[in-house]
Amino acid sequence: MSRHHRLSAACFGELTRGGGGAAAIAELRAGQRSRLMLLLRALTDFASSHPQLPGPLPAPREAWELLIKAERRSPPSVERLLLHPPVGAWLSRCLRRLRDMAREEEQEPAVPLWLETGYLHTVAASAALLAGTDFRIVVGVRDGGVMLPALGFVDLAGCESSLAEIVADGAGGRTVRAGSHTVPLPPDLTRDAEGWHALRRLRGRHPIHPCSPCLDDLDPYRDFLRPTAPERLSEPEARRWQEHFQGAWRLVTRQENVDPAGVADCLMSVVPVRYPARAEFFSASSPEAYGCVLLNPPADAATLAASLIHEAQHVKLSALLDLVPLMHGGMEEIHYAPWRADPRPLRGLLHGVYAFLGVTAFWQAHRRAVRGEAARAADFEFALRRAQTFQGLRTLREHAELTALGDRFLRGLEEKLAPWLAEPVPEGPQRAAEDINLDHRLLHRLHHLRPDPRPTGLWAKAWREGGPPPAARPATTLRVSRTAVAARPALVRMRLRDPAGFALLREKPQEHPFGGEGGEGGAHAPARADLDWAAGDTAAALDGYRDRLAERPDDLPAWSGLALTLPAGPAKDALLAGPELVLAVHRALRDPAGAGPDPVALARWIGTRR
């Protein structure tokens with residue numbers, strides 16, 4: 001491990017344009033390897049002196065010494081383990097847990113401390129197996145077996161022992177013993193065998209830019225949001241994921257705005273998850289799990305391709321920020337994020353800008369390669385994402401305290417985006433993108449902006465007395481609150497991509513559940529007003545939103561829908577300029593039963609005050 005990592009000017013230059021090929025990613029990966037090795041050593045030292053450790057396991061230093069032995073024999077084997085995403089997720093989680101215990105802040109643990117830190121022993125065992133080193137080590141049994149990171153899961157179903165011994169001898173024998181159970185490991189660890197579930201891989205086949213991340217359904221730390229027991233995909237499910245991935249990877253390699261080789265080298269593992277009640281596709285990555293992408297079952301190849309590029313951009317920027325400071329601070333205040341329901345710190349905005357620049361790049365190329373409905377959908381995504389990226393860049397320019405390199409980085413992104421902002425987009429997709437961006441901004445204000453209660457009360461008093469609105473508008477405060485996600489963006493996407501399916505949904509919403517793949521994972525019938533709005537029937541949508549607010553006056557997506565569907569005039573002006581004020585006054589005027597004035601009449605009255 002070198003004492004210092006230096007980022008070449010060529011690598012930094014590629015990254016400032018949103019790109020980064022194999023050589024650039026290799027520089028970033030080298031930095032990640034060193035960072036993870038330092039964290040692993042820190043964990044070993046911390047755990048070695050902890051009074052509750054090692055529990056029934058061997059001392060942490062025994063695992064560390066086995067890891068070093070494996071590295072001396074085969075450095076690539078240890079690098080493969082260090083860069084395996086669950087290892088990074090586990091390291092961060094375990095170090096936080098040890099820190100919280102030292103501060104006496106830990107909550108009731110779900111997993112004993114010795115078993116959580118004992119993942120170190122399985123990391124060392126995997127490294128030794130990959131390196132072909134003879135060894136013997138005792139490890140913990142968890143979730144009915146032993147996970148060997150980056151390799152697979154030893155199934156010890158029915159075994160009551162909390163410990164297992166892994167032995168590899170010079171004769172080529174490799175076994176796992178726990179109580180009366182003995183599982184011989186197969187010669188080829190990439191294939192399933194009795195008692196052994198191999199870690200699968202996805203294959204993005206391409207003659208120049210192949211991509212083969214793990215399809216991880218086994219490791220307890222594969223989902224960096226929460227530890228998860230193994231949930232083995234069936235063979236048909238695994239085949240569907242392979243089909244989805246191959247179709248998406250074909251599209252990634254067809255575009256030239258973001259280097260496919262760099263994207264491939266950023267994608268270390270794909271983790272299937274099922275987060276319910278999502279009308280739109282979900283993906284996520286984390287700087288703590290380098291190269292990991294969490295994905296809900298994908299809807300279509302183009303959406304998955306854009307998401308792979310999106311998450312690869314996050315992976316690149318996270319690794320870059322570990323080597324190069326781009327801004328001072330950046331976590332002290334939060335701002336509107338055009339792509340998120342919640343406000344974000346400036347560092348989060350930088351991540352979003354970089355990720356959505358990559359997404360914009362994908363749709364810019366893809367829309368030129370498709371025709372018909374696919375082209376209309378791609379035009380919409382391109383128009384939507386370029387506007388969001390531009391808004392994020394503008395906020396960073398106004399508020400971020402950039403370093404010299406950070407300023408250069410942002411200038412590179414601005415130069416990359418500039419010609420795309422000038423590209424013409426057909427009127428229908430462009431207007432739809434503008435409406436969705438406006439809807440998003442309105443919902444942000446309704447959820448998170450709070451007018452000062454005292455002057456707001458004066459507005460309510462003026463309404464009750466039949467007078468004009470006060471001259472001064474109340475100051476507002478940003479207060480983050482729980483958000484309700486509107487269905488309108490997903491409905492617009494469906495109308496553009498699948499007009500026939502959207503027509504059926506609008507005609508019989510109860511018979512065609514919306515949300516999740518094939519009606520799975522939180523499927524539901526969308527509200528009639530949202531369907532009417534997405535179809536362009538604003539008169540019907542307006543009536544629907546008024547009915548919803550009469551029944552549920554705190555239905556914030558209905559307030560935003562009201563602003564979108566009102567005809568031009570003072571009421572619309574008031575809701576577009578300050579929806580949070582209209583909502584706050586309405587709340588102040590409600591009677592004990594929750595009934596308030598007509599929202600349109602109130603908005604019209606507020607809109608008379610310029």
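See the structure above.
None of these values were measured; they are calculated from a predicted model.

Chemist: So, the sheet that holds strand E11 (residues 283-284): which residues are in play, and what are the values?
Modeler: Pairing in this open sheet of five strands is mixed, and the strands run E8-E9-E10-E12-E11 from one edge to the other. In this open sheet, the two edge strands, each paired with only one partner strand, are strand E8 (200-201) and E11. By the bridge criterion, two bridges tie strand E9 (residues 214-215) to strand E10 (residues 269-272) in an arrangement that is parallel. Following the sheet pairing, cysteine 214 is matched in E10 by serine 269.

Chemist: Give a detailed account of the sheet that holds strand E7 (residues 196-198), specifying residues and quantitative values.
Modeler: Pairing within the open sheet is antiparallel, and its three strands lie in the order E2-E3-E7. Looking along the sheet, the strands with just one partner apiece sit at the ends: strand E2 (145-148) and E7. Put simply, the sheet's adjacent strands are angled 15° from each other on average, direction ignored. Where strand E3 (residues 152-155) meets E7, three bridges bridge the pair, whose relative direction is antiparallel.

Chemist: Break down the environment of aspartate 573 for me, citing the residues and quoting the values.
Modeler: Structurally, aspartate 573 can be placed in helix H21 (residues 570-577). Judged by relative accessible area, which is 32%, aspartate 573 ranks as partly exposed.

Chemist: Lay out helix H19 (residues 538-551) in plain terms, naming residues and giving numbers.
Modeler: With 14 residues, H19 should reach 20 Å at 1.5 Å per residue; the first-to-last C-alpha distance of 20 Å fits that figure. Considered for burial, the residues of H19 that qualify are Ala541, Leu542, Gly544, Tyr545, Arg548 and Leu549. Around the axis of H19, the buried residues are gathered within 165° of arc, so they sit on the same side. Facing away from the buried side of H19 by over 90 degrees, the exposed positions are Ala539, Asp547, Ala550 and Glu551. Structurally, H19 contributes buried residues whose contacts are with helix H16 (488-497), helix H18 (528-535), helix H20 (556-565) and helix H23 (599-607).

Chemist: Before we move on, can you summarise the pairing of strand E6 (residues 181-184) with the specific residues and values?
Modeler: Sheet topology note: the strand E5 (residues 174-178)/E6 ladder contains four bridges and is antiparallel. Bridged to threonine 175 within E6 is proline 184. Hairpin connection of E5 to E6: two residues between the antiparallel strands, including glycine 179 at a positive phi of 60°.

Chemist: A description of the nonpolar core should follow, citing residues and the corresponding values.
Modeler: Within the largest apolar cluster, 184 residues are counted, with the highest numbers of intra-cluster contacts made by Trp90, Leu148 and Phe409. Dropping the residues within four chain positions of it, phenylalanine 409 is found in contact with Phe12, Leu15, Thr16, Leu317, Leu320, Leu326, Leu350 and Tyr354. Counting residues in each nonpolar core, the second largest holds five residues, with Met147, Phe153, Leu199 and Cys214 among its members.

Parameters and conventions
- Residues numbered from 1 in each chain as written.
- Predicted model: local features only at pLDDT ≥ 70, side-chain atom pairs only at ≥ 80, totals over all residues.
- Heavy atoms only, no water.
- Pairing = 2+ DSSP bridges.
- Helix = DSSP H or I, 4+ residues; strand = E, 2+ residues; numbered from the N terminus.
- Axes fitted to C-alpha atoms, helices over the stretch in contact; angles between N-to-C directions.
- Buried < 20%, exposed > 50% of the residue type's maximum accessible area, 1.4 Å probe, protein only.
- Expected span 1.5 Å × (residues − 1).
- Arc of directions from axis to C-beta.
- Contact = heavy atoms within 4.5 Å.
- Core = buried A, V, L, I, M, F, W, Y, C linked by side-chain atoms within 4.5 Å.

On their own, these measurements won't tell you what the molecule is for.
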